[in-house]
Amino acid sequence: MGFVISCGASCGVSTIRSAVMASAAVKSYSRLSSKRQATRAVESSRLFLGRRSRGSRGVFAPNRQIFTTTSSSEPCYVTTPIYYVNDKPHIGHVYTSTLADVYARFQRSQGRDVRFLTGTDEHGQKVEQSAEKRGIEPQQLADENSAFFRDAMENFGIEFDDFIRTTDPRHKEQVTKFIQQLKDKDFVYLGEFEGWYDEGQEEYVTESTAAEQDFKSAISGKPLVKAKQENYFFRLSAFQDKLEAMFEENPDLVLPKARSNEVLNRIKAGLQDVPISRTSFTWGIPMPDDEEHVIYVWIDALFNYISALQLAEGDESKLAKYWPATVHIMAKEIVWFHAVIWPAVLMALELPLPGRVYAHGFWIRDGKKMSKSLGNFVDLETLTGYCDTYGLDSIRYFLLTQGPIGAIDSNWSDERLYDIYSDELVNTLGNCASRTTSMINKYYKQDGVPSEMDSSGARRQVGEYDWPAITQEATNTCVECVETFDLPGAATTAVGLVGKVDTFISETEPFRLAKDESKKEELAAILYQCMETVRIAGVLLESVMPEKMGQLEEALGTAEIKGTLQERTAWGQLQPGSLVKKVALFPRVDPPTPA
Ligand code: MSP
């Protein structure tokens, strides 16, 4: 299905009611008669969302499809923000990357061709200044810190396919080409900016926003400065109507809903052109044909999503099949760049738009935003300490299920970590796996896993528990949850399945049946069904806890069961007669000492 928006007469003539990134007095130095030309260019640019359909002319041809997030036959492209090398990695970065990792692993487990991109954002004034302070070249600082981020991600089990750096030659070359294309199409022009500037954020601030913030940076609290600069501008205002239409026609493009509403309201307040170059420092990619200017870090950074796929190479790109992104994942503070500026740039380049922009909330601590000035980050060392106590997979589970995936922030709490670990992992998942394997070993010794078939060869159902249907439903729910990016829902559905096994054990009391010779068949069926359900829950949880669920598979001797998630969760693959080992997946830990 296609999605083409006709531009109408007002396109390109922005009503400047409130500002977006600049309350600039924009004086166009453009060679072309700017607005009319840009309007024509916008009209000729085609807006299309979603993945190209089979047989289309590739990623550069308009398709006829409104986005669907997934279909298992389509390639899947998942991205995190590229992180600033000026900061040290902390829980926020690990959290976003873990969400992306779980999503990517889950999609891979369904047999999808997945590409998972992460990386580092390395240009800009802050990096230049930090390097200067240390008496080193910005490149050296970027090299050190980028490697630090990369190692951190690997240590936290993030299985990315590509790690892009904005200082990579492959990135820089393509950014130059993309900007040149925008210039050629007259979506970029030389103008003059005068207004407020947040030096720390390297961002222009509108008069009204500056006043609201008491003329201080919303992030660092430092005073805003008055700036007057010649800049290249991107004609964001030309995309006013198209962006509004994009939101109307794709209500789930930006999630959670609260973020989408905020962004749309801000768009409706009126878009202004965006200054996309700087002259006050040199650490960046030069503007094509004008080396006095470097490209604004945000524009430079956004291009990473397509430079990593070599899209500037056109049909030569081997990786073009991954575009458009299935989902860009980030926190809410950068949703504007991803949900407004980025789609407008893509429209200008006539490239398809991402399927989804998911902007989660913040991890906070003691009810306060984590910040450098408060020094209250859950930093990498602290997080590593938690991993030492609870294990990496348990921390992944905790981050995923208790993190700020929706619109609401999550407060970090040691007590909550202990409670979730103890209730859901030790007492539910670990305990159920351990008691089931140990009952099988106790009652069947060398005979291994019993069979659920009765003497006539038919499956024996115990009470109301139709386990093949229950496990199938849980699998379907998990898949649906992942499709809607309800990743905690997927994890808790799988653990809930194990909780059901616990209830089943309490109700059917296999330990009592074991004493009654006449209940032999029933006991066998119950224990088979418990073990098979735990196995299936393990498959569903693999994306969240790959190592622990690998240990479970090892203990059940089911590591040889291959195939897609749907195939591996089909009922009845645990072989009667196979030997299982007792497992202790999650050791008990001491409660945290009160602060
Ligand atoms: N470099 C830009 C992104 C460019 S993407 C084209 C940037 N980098 S950042 O290092 O500041 O990373 C911001 C991202 O880190 C957030 O959007 C979020 O994904 C993650 N988090 C940082 N702090 C966070 C919390 N306190 N809580 C949750 N995630 C947060 O912005």
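On a predicted model such as this, the values are computed, not experimentally measured, just so you know. Residues take numbers from 1 onward in each chain, read along the sequence in its written order. Residues qualify for local features only when their pLDDT is at least 70, as the model is predicted, and side-chain atom pairs are given and counted only at 80 or more; totals for whole chains, interfaces and linings, by contrast, use all residues. Computation of side-chain values: all heavy atoms of the structure, hydrogens and water removed.

A. Geometry of the overall build of the protein. Working definition: helices are DSSP H or I runs of at least four residues, strands are E runs of at least two. Numbering for both runs from the N terminus. Along the protein, the regular secondary structure elements total 20 helices and 16 strands. When each of the 595 residues of the protein is scored for burial, the buried share is 58%. Taking as baseline every contact in the protein between residues at least 6 positions apart, the subset at least 24 positions apart corresponds to 79%. Areas reported here follow the Shrake-Rupley algorithm with a probe of radius 1.4 Å; residue values treat only the protein chains shown as occluding. Total accessible area on the protein stands at roughly 24,300 Å², and carbon and sulfur atoms take up 48% of it. Burial status follows relative accessibility: with a 1.4 Å probe on protein chains alone, a residue under 20% of its type maximum counts as buried, one over 50% as exposed, and anything between as partly exposed. Whether two residues touch is decided by their heavy atoms; if any such pair falls within 4.5 Å, the residues are in contact.

B. The packing of helix H15 (residues 467-483) against helix H18 (residues 520-541), seen in detail. Helix axes are fitted to C-alpha atoms over the stretch in contact, other axes to C-alpha atoms as well, and angles between N-to-C directions run from 0 to 180 degrees. Remark: H15 packs on H18, axes separated minimally by 11 Å, with the N-to-C direction vectors making an angle of 10°. Between H15 and H18, the crossing angle belongs to the class labelled roughly parallel. Contacts between H15 and H18 involve Trp467, Thr471, Ala474, Thr475 and Cys478 from the former and Gln529, Thr533, Ile536 and Leu540 from the latter. Gly is placed with the polar residues, together with every amino acid not listed as nonpolar (Ala, Val, Leu, Ile, Met, Phe, Trp, Tyr, Cys and Pro) or charged (Asp, Glu, Lys and Arg). Looking at the contact of H15 with H18 residue by residue, the class counts come to five nonpolar, four polar and no charged. Note on angle classes: values under 35 degrees are labelled roughly parallel, values over 145 roughly antiparallel, values of 65 to 115 roughly perpendicular, and the remainder oblique.

C. Main features of the sheet that holds strand S3 (residues 162-165). When DSSP locates at least two bridges between a pair of strands, those strands are taken to pair. Taken in spatial order, the six strands make up an open sheet running S3-S2-S1-S12-S13-S7, and their pairing is parallel. The two strands at the open ends of the sheet, each matched to only one other strand, are S3 and strand S7 (254-255). Bridge count between strand S1 (residues 76-84) and strand S12 (residues 327-331): two bridges; the pairing is parallel. The residue bridging Val78 from the neighbouring strand is Val327, located in S12. Against the sheet, helix H4 (residues 138-155) contacts S1, strand S2 (114-121) and S3, and its axis sits at roughly 160° relative to S3.

D. Representation of the site of the ligand in the model. Throughout, the term near means that a residue has one or more heavy atoms lying within 4 Å of the molecule or strand in question. Neighbouring the ligand are 23 residues, the closest being Ile82, Thr96, Asp121, Ala331 and Trp363. Any pair of nitrogen or oxygen atoms within 3.5 Å is treated as a polar contact; in protein, a donor-acceptor pairing is required on top of that, and neighbouring residues in sequence qualify only through side-chain atoms on both sides. The side chain of Asp121 places a nitrogen or oxygen atom 2.7 Å from a nitrogen atom of the ligand. Take Trp363: an N or O atom from its main chain is 2.9 Å from a nitrogen atom of the ligand. Coverage of the ligand by the protein chains reaches 94% of its 670 Å² of free accessible surface. Listed by contribution, the elements that provide at least two residues to the shell around the ligand are S1, helix H2 (91-109), helix H9 (297-302), helix H10 (304-307) and S12. Per element, the largest residue contribution to the shell around the ligand is four residues, and it comes from S1.

E. Inspection of the packing of aromatic side chains at higher detail. The rule is short: rings of Phe, Tyr and Trp, with Trp giving its six-membered ring, pair when the centres are within 6.5 Å, and they are stacked under 30 degrees, edge-to-face over 60, tilted in between. A complete count under the given rule lists 27 aromatic pairs for this structure. Joined through ring pairs, the aromatic side chains of Tyr77, Phe178, Phe303, Tyr305, Trp323 and Trp342 make up one cluster. The aromatic ring of Tyr84 is capped on one face by Lys126, whose charged end is 5.2 Å from the ring centroid. Charges are assigned to positions over rings by a cutoff of 6 Å between ring centre and Lys NZ or Arg CZ, combined with an angular limit of 35 degrees from the ring normal. Stacked on the ring of Trp336, the Lys or Arg Arg266 has its end atom at 3.9 Å from the ring centre.

F. Inspection of the packing of helix H8 (residues 257-268) against helix H11 (residues 335-348) at higher detail. Axis separation between H8 and H11 bottoms out at 11 Å; the angle between their running directions is 50°. With respect to H11, the axis of H8 lies oblique. Pair H8 / H11 crosses with right-handed handedness. Of H11, the residues touching H8 (which contributes Val263, Arg266 and Ile267) are Val335, Trp336, Ala339 and Val340. Left-handed describes a crossing whose near helix is turned anticlockwise from the far helix by less than a right angle; the clockwise case is right-handed.

G. The arrangement of the sheet that holds strand S11 (residues 290-295) in detail. Here we have three strands laid out as an open sheet, ordered S9-S11-S10, and antiparallel in their pairing. Sheet topology places strand S9 (277-278) and strand S10 (286-287) at the edges, where each strand pairs with a single neighbour.

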